Amino acid sequence: MRYLPLTEQDRAEMLGAIGVASVDDLFVDVPARARLPGLIEGLPLHAGEMAVERHMKGLAAKNLAADSAPFFLGAGAYRHHVPATVDHLIQRGEFLTAYTPYQPEIAQGTLQVLFEFQTQVARLFGTDIANASMYDGSTACWEAIGMAARITRRSRAVLCAGLHPHYVSQIQTMARFTGDTIETRAPTLEAQPDKSGLIDSIDEETSCVVVQYPDTLGRIPDLAAIADAAHENGALLIAVVTEPVALGLLEAPGNLGADIVVGEGQSLGVGLQFGGPYLGLFGCREKFVRQMPGRICGQTVDADGKRGFVLTLSTREQHIRREKATSNICTNSGLCALAFSIHMSLLGGEGLARLARRNHARAQAMVARLGAVSGVTCLNTAYFNEVTLILPADARETVRKLADRKVLGGVSLGRLFPHAPTLHNGLLVTATELTTDADIEALATGLAEVLA
Amino acid sequence: MNAPNPSGWRPSVGSGEPGNTGSSPTVSGDRGLTLEEPLSFEIGDSAKCGVDIEAPEAEPLASISAFLRKDAPQLPGLTEPECIRHYTRLSRQNYGIDLGPFPLGSCTMKHNPRLNEKVARLPGFADVHPLQPQSTVPGALEVIEQLADWLIALTGMHAVAMSPKAGAHGELCGLLAIRAAHDANGETRRIVLVPESAHGTNPATAAFAGYKVESIPATEEGRVDFDALKKRLGPDVAGVMITNPNTCGLFEPEMKAIGDAVHAVGGYVYCDGANFNAIVGKVRPGDLGIDAMHINLHKTFSTPHGGGGPGSGPVVLSEALAPFAPIPFVRRDDNGALRLIEEGETGDAAPLSFGRMTAFHGQMGMFTRALAYILSHGADGLRQVAEDAVLNANYVLRSCEDVLSAPFGNAGPCMHEALFSDTGLAEGFSTLDIAKGLIDEGFHPMTVYFPLVVKGAMLVEPTETESKLGLDRFIASLRSLAERARKGDESLHAAPVYAPRRRLDETQAARKPVLVWREEEG
Amino acid sequence: MSRYFTPDHEWIEIEGETGTVGISDYAQSQLGDITFVELAQADTDLSKGDAACVVESVKAASDVYAPVSGKVTQANEGLEDQPELVNGDAQGAGWLFRLAIADAGELESLMDQTAYDAYVAGL
């Protein structure tokens with residue numbers, strides 16, 4: 001077995017040194033009836049690298065990779081170009097095979113990266129501070145709601161109708177157990193998100209308003225007005241960003257009054273990966289730092305006075321506070337944070353702005369062409385790189401037929417909102433810097449054929 | 001002392017006061033291959049970019065003019081050569097398994113096979129969107145199914161929930177399933193019992209899931225006090241959370257009896273499976289009467305820890321809890337085709353599911369790596385993994401117990417980790433000194449001050465991927481440090497002196513938190 | 001003026017109807033460098049033994065309990081910026097909060113300085 005360094009002679013010598021006759025003597029604490037006498041039946045034996053690679057390649061080959069078809073999916077996971085540098089660097093063993101930096105003297109690499117990452121996220125979001133990452137955008141969103149409840153000592157969260165339905169679903173799961181009240185509704189097919197309805201549902205019991213920016217239908221909510229309404233009622237505004245590239249073009253939520261900003265960082269550096277691992281981003285006002293969940297890296301000095309970094313404010317966390325911790329989170333998304341941070345360092349703020357403008361321009365070209373397909377209209381008047389098309393037929397069926405033609409033509413609202421039939425003719429389509437004119441033409445042609 | 005160079009640039013490594021023992025006599029601040037690295041904000045430039053982006057072919061829509069960002073994010077850019085150098089230099093300030101033993105007890109730092117990295121990057125896995133039509137991702141669903149089948153077979157359980165993102169998220173999944181099961185019976189049980197030796201995530205998770213936590217003491221032999229547990233059991237107890245093998249590195253021999261007692265009062269047993277690597281292929285947790293257990297793919301099945309994540313925490317479930325498993329999951333339909341069960345299909349396929357725990361389907365990138373690891377080892381290799389991990393830990397235990405106090409050493413063999421305490425060290429010397437001394441010796445320290453039930457705990461988990469030669473080197477260093485600490489060798493208090501940094505001032509970091517870089521502080 | 005101690009290492013000093021509460025010098029030495037004090041909330045009614053505030057070091061967070069029942073009248077806001085006062089002067093400038101005592105009779109169950117010194121010596 002190529003991964004196991006002990007030889008039979010080593011094992012014999014070590015058993016001798018320990019003073020037992022066989023390895024089974026080391027398992028004496030396991031009751032005899034629970035010990036398996038031999039190998040678990042029905043399972044294959046070890047396999048060489050070549051055989052395993054062949055098996056895995058066979059499975060991979062059954063999937064239609066995004067790169068091998070015209071591709072328009074978004075809805076919380078976005079396909080962007082990831083520079084080769086990113087994947088090269090994250091595979092350096094010192095990053096890849098390190099643990100959570102519990103021994104800061106020999107983990108300054110990871111810690112400095114986290115400090116840089118926190119600064120990048122805070123500046124991107126327009127928040128004072130940020131943490132060292134969460135599992136993903138959806139779980140970060142629930143953590144933010146819990147944090148708002150601790151700060152305001154209230155437990156009623158109002159969700160905007162345009163919040164990603166998987167996020168809503170996850171929040172509802174948790175709220176069922178914690179007893180929090182969640183106000184939510186499915187979106188309607190309007191060009192603008194329902195601002196007044198949302199504001200009207202904020203009351204003096206409300207801990208927070210959760211607003212996705214841009215929202216799941218690609219629309220851009222008026223965060224500043226919602227922030228004012230929330231603050232008038234003593235509630236916090238939580239902004240949710242599922243496409244961080246948008247913040248190269250759109251004003252940062254923190255600058256519009258958001259108190260907590262969470263997001264999905266997958267767009268930068270991480271890749272699609274069929275949904276995970278992704279990267280939860282979490283920023284907030286400095287005064288809330290002791291209520292923030294997750295690991296936090298801070299600057300300090302060593303015994304020689306040299307600048308260095310450590311994990312800090314750990315008394316918020318489970319390994320010290322146990323049942324009183326701000327969250328149960330332990331593992332975060334360190335390597336994805338590294339990928340995000342490298343990609344962001346390559347781009348810089350100006351590069352991100354250019355990338356965002358390019359995405360937006362590509363989306364304009366997409367909307368112009370697809371809107372010309374007979375029977376297809378675009379819901380959005382304002383958007384970043386994702387829009388909702390209204391089709392003359394159920395979009396789920398359309399997506400399947402497009403896939404049969406090897407066109408990955410977007411995400412149907414029917415899949416996202418199965419219980420809202422009024423949305424079922426909606427199709428979410430996204431363009432990024434990777435979307436070519438030929439891709440757009442292929443989707444336009446495919447749509448015309450499928451809808452004919 | 002750090003002298004400024006002619007351009008005025010100086011390495012941003014703090015005050016660099018003269019007379020500091022670690023100060024470098026060089027102009028650059030570097031010393032040979034010991035390299036300092038400023039923050040990217042101190043070397044980057046907003047005029048630089050390491051990505052060539054085509055010019056946008058259109059102006060932003062007039063309709064979004066009210067939403068436009070006034071200034072681009074204040075983030076400097078790096079060109080590719082600068083970027084590669086920045087992160088490569090930073091990486092050299094890190095210790096990783098690739099450099100040497102990383103014996104963090106209960107964290108399971110074993111070798112990360114590179115085949116697993118390669119297969120995870122195949123475009124058919126890495127470049128697939130989670131919401132693609134199911135007809136375009138049968139291979140992805142098959143990976144989930146194959147890994148699920150292995151996890152069920154290895155644990156002897158009934159079902160597995162694949163979507164939890166990490167161990168603590170898996171604990172949450174298990175507790176939510178328990179809560180949902182009690183709810184379905186119309187029961188409102190609000191107490192979860194957790195041994196005091198448990199990982200902090202256990203009580204935190206129980207509280208996060210809306211439970212009240214009560215602590216169960218440990219016996220002098222480092223195991224759950226079964227009598228105390230039995231006394232506390234009653235109709236208000238929703239369940240217990242037991243770690244097995246436990247955090248003292250010992251198997252809980254009464255696991256089955258504990259399970260029976262908990263079941264007898266209508267509760268469920270959650271097993272923290274963080275230490276499953278010690279028994280994989282040797283013991284099936286399903287034979288011990290547990291109802292739910294998470295499996296850290298990043299521990300037992302060697303997906304890389306990446307400096308703190310990502311993890312992956314699938315949860316195996318008993319027949320009683322399986323109906324409550326979260327969506328989404330993969331199931332074969334009557335025609336033999338794999339189908340993803342998600343919202344809109346739960347009515348017929350998963351009527352009792354407690355719902356969704358995360359967007360999308362879980363840590364696919366970890367599934368591919370874990371499956372490659374499992375297929376490489378096979379049933380025989382996995383059993384050998386457990387045996388070698390336990391053998392290595394006992395070898396360390398018996399090789400050091402004459403110089404380091406081993407609180408449970410007389411109780412018999414340990415499982416996959418050896419536990420020592422600071423008892424017997426000279427006055428003023430502690431576990432911390434041993435740990436920092438190991439850094440100077442070129443090793444990553446063991447887990448320190450955990451579990452809490454042992455004073456000055458040192459928890460050593462060598463894992464099965466350490467060679468005998470590597471262990472002998474580690475043991476020689478650990479013994480030497482133990483002897484120095486017993487004798488009261490003052491020089492140990494200064495350790496580490498050979499690492500990129502000396503001991504860091506954690507008090508200052510916590511009293512006046514500096515969590516982001518700001519120009520005036522640079 | 002008289003000062004009493006609890007087995008959990010709080011002290012309370014009585015002045016009329018008001019008690020000033022802190023942690024003992026022994027307690028601060030055990031906790032190590034104090035990095036943060038989560039101040040008690042004014043106007044909170046506490047029963048004897050209720051958690052009133054939290055004292056944090058790098059690796060620990062310790063609840064401080066009300067030595068007797070009463071209503072919090074004031075927290076030591078100076079600790080917000082200078083938590084190290086608890087280390088420097090635990091039984092003086094590092095006081096944590098003041099309390100309008102509800103039942104002076106509860107003081108009888110506490111230790112005086114001599115009894116507390118003996119208690120600590122036995123730990």
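Above this text you will find the structure in question.
Nothing here was measured: the structure is a model prediction, and the numbers come from that model.

### Things to note about helix H9 (residues 223-232) of chain A
All names here are of chain A.
Here is step 1 of the chain: Residues of H9 that are buried: Leu 223, Ile 226, Ala 227, Ala 229 and Ala 230. The buried residues of H9 occupy an angular sector of 165 degrees when projected down its axis, which confines them to one face.
Here is step 2 of the chain: Where H9 ends, the next residue or the one after it, Gly 234, has phi of about 75 degrees, a positive value.

### Regarding the packing of aromatic side chains
To describe a pair of aromatic rings, you give the distance between the ring centres and the angle between the ring planes.
Here is step 1 of the chain: Summed over all chains, the structure comprises eleven aromatic pairs over all chains.
Here is step 2 of the chain: Judged by centre distance (6.0 Å) and plane angle (75 degrees), the ring pair of Tyr 278 of chain A and Phe 360 of chain B falls under edge-to-face. Residue Tyr 278 of chain A is found in the loop between strand S6 (260-264) and strand S7 (280-284), and its partner Phe 360 of chain B is found in the loop between helix H10 (346-349) and helix H11 (364-400); the two belong to separate chains.
Here is step 3 of the chain: The buried category is assigned to Tyr 278 of chain A, whose relative accessible area is 0%.

### A few points about helix H5 (residues 108-125) of chain A
Residue and element names in this part refer to chain A.
Here is step 1 of the chain: In this model, H5 (18 residues) spans 25 Å end to end at C-alpha, consistent with the 26 Å of a helix rising 1.5 Å per residue.
Here is step 2 of the chain: Most of H5 is tucked away: 18 of the 18 residues are buried.
Here is step 3 of the chain: Phi for Gly 126, located one or two positions after H5, is positive at around 70 degrees.

### A look at the pattern of salt bridges
Here is step 1 of the chain: Tallied over the full model, the rule gives 67 salt bridges over all chains.
Here is step 2 of the chain: Between Glu 441 of chain A and Arg 369 of chain A there is a salt bridge, and its shortest N-O distance comes to 2.9 Å. Separated by 72 residues along the polypeptide, Glu 441 of chain A in helix H14 (residues 437-451) and Arg 369 of chain A in helix H11 (residues 334-370) bring together distant segments of the chain.
Here is step 3 of the chain: The partly exposed category is assigned to Arg 369 of chain A, whose relative accessible area is 28%.
Here is step 4 of the chain: Put simply, Glu 464 of chain B and Lys 110 of chain B hold a salt bridge, and the shortest N to O gap is 2.9 Å.

### Digging into the environment of Gly 218 of chain A
Residues and elements named next belong to chain A.
Here is step 1 of the chain: Structurally, the position occupied by Gly 218 is in the loop between strand S4 (206-212) and H9.
Here is step 2 of the chain: As a C-alpha pair, Gly 218 and Asn 380 span 162 residues in sequence and 7.2 Å in three-dimensional space.
Here is step 3 of the chain: In this structure, Gly 218 is in contact with Asn 380, Ala 382, Tyr 383, Phe 384 and Glu 386, ignoring residues within four places of it in sequence.

Cut-off values and rules
- Residues numbered from 1 in each chain as written.
- Chains lettered and ligands numbered in written order.
- Predicted model: local features only at pLDDT ≥ 70, side-chain atom pairs only at ≥ 80, totals over all residues.
- Heavy atoms only, no water.
- Buried < 20%, exposed > 50% of the residue type's maximum accessible area, 1.4 Å probe, protein only.
- Helix = DSSP H or I, 4+ residues; strand = E, 2+ residues; numbered from the N terminus.
- Arc of directions from axis to C-beta.
- Phe/Tyr/Trp six-rings, centres within 6.5 Å; stacked < 30°, edge-to-face > 60°.
- Expected span 1.5 Å × (residues − 1).
- Salt bridge = Lys/Arg side-chain N within 4 Å of Asp/Glu carboxyl O.
- Contact = heavy atoms within 4.5 Å.

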